[in-house]
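The chain contents come next:
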Amino acid sequence: MLRFQFGSGTYGFIAGRSDPLTYLGVEYKPFGLIEVSDLGGGVGTTADGSFTLTLAESREYGLTPDVLLRIEDEDYRDRRVTVMDAHFHPDTGELLQVETVARGYLDVIEHEADPDSGYVIIARCEGRQLDYSRKNGRVRSTPDQQRRAPGDKFFEHAGKAGRVEVYWGRVKASVASGGNAAASYIFNSLKSG
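Residues numbered from 1 in each chain as written. Predicted model: local features only at pLDDT ≥ 70, side-chain atom pairs only at ≥ 80, totals over all residues. Heavy atoms only, no water.

**Some thoughts on the layout of surface pockets**
To be explicit about the condition: Space inside and on the surface of the protein is sampled on a 1 Å grid over the protein atoms alone, with a cavity defined as a set of points where a 1.4 Å probe fits but cannot get out and a pocket as an open set with protein on both sides within 12 Å along at least 5 of 7 lines; lining residues have an atom within 4 Å of a point. Grid points are joined across faces, edges and corners, and a volume is the space filled by probe spheres set on the points. The way it works is that DSSP assigns letters per residue, a run of H or I at least four long becomes a helix, a run of E at least two long becomes a strand, and they are numbered from the N terminus.
Its volume calculated, the largest pocket comes out at about 640 Å³. If you go around the largest pocket, you meet 28 residues; those closest to its centre are Phe-13, Phe-31, Leu-55, Leu-63 and Ile-71. Breaking the lining of the largest pocket down by element, the ones donating at least two residues are β1 (2–6), β2 (9–14), β4 (26–30), β6 (51–56), α1 (65–69), β8 (95–114) and β9 (118–127).

**What about the packing of aromatic side chains?**
Aromatic rings in a pair are described by how distant their centres are and how their planes are angled relative to each other. Quick reminder of the rule: Two aromatic rings, drawn from Phe, Tyr or Trp (for Trp, its six-membered ring), form a pair once their centres lie within 6.5 Å of each other, and the interplanar angle then sorts them: stacked below 30 degrees, edge-to-face above 60, tilted otherwise. To sort residues, take the accessible area from a 1.4 Å probe on protein chains only and compare it with the maximum for the residue type: under 20% means buried, over 50% means exposed, and anything in between is partly exposed.
Taken as a whole and assessed by the stated rule, the structure comprises 3 aromatic pairs. Plain terms: the ring middles of Phe-4 and Phe-6 are 5.5 Å apart, the flat faces sit at 35° to each other, and that makes the pair tilted. For the pair shown, Phe-4 and Phe-6 are each scored as buried. Seen in terms of ring centroids, Phe-6 and Tyr-11 are 6.0 Å apart; in terms of plane orientation they differ by 50°. Their pairing is tilted. A relative accessible area of 31% means that Tyr-11 is categorised as partly exposed. Three or more aromatic residues link up through ring pairs in this structure, and these residues are Phe-4, Phe-6, Tyr-11 and Phe-13.

**Examining the pattern of salt bridges**
Note the threshold: Note on definitions: salt bridges are taken to be side-chain nitrogens of Lys or Arg within 4 Å of carboxyl oxygens of Asp or Glu.
This model, assessed by the stated rule, comprises 5 salt bridges. A salt bridge links Arg-79 to Asp-75; its shortest N-O distance comes to 2.6 Å. With a relative accessible area of 16%, Arg-79 lands in the buried category. One salt-bridge network, in which partners are shared between bridges, spans Arg-77, Asp-78 and Asp-107.

Shown next, in the form of structure tokens:
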């Protein structure tokens, strides 16, 4: 099972089924050939969770090259991708368990015309190790905040905002250096009054 959380919504796909599956409020639509690369290992800062997802055209599911090209209309860069294994009962076909095997962020999508399998898109995903490579895990930017809270635009103008100097209990520099006449006037007014 694959779950993509794009800017336009959450999309689910499942291989090896002929009918859709609804899981945790997301409808996973049947798909043709989905190939998931080997998933990297390691823990902490040595984790290498990068992986690729390969999707070939499948006309029986309506997955033509034109449909595959529509991925470029989506806001997919740095969006969440989750790869899961679904386990079904062998006799009843009932869903028994869903296990998450990889999580990451979609980086780039490549398009290829393969002579054997037809038109193919390859999604290169960066693993969660990106979170470990930050100098400070709490440093925020707009894309980083969108990963945590989609739609939250708190940091949208943070890089553009200028600095504002706040004078807490001290005289503003321009008044202190060039404003001696004003300070003398105030002092003399107090003295005479």
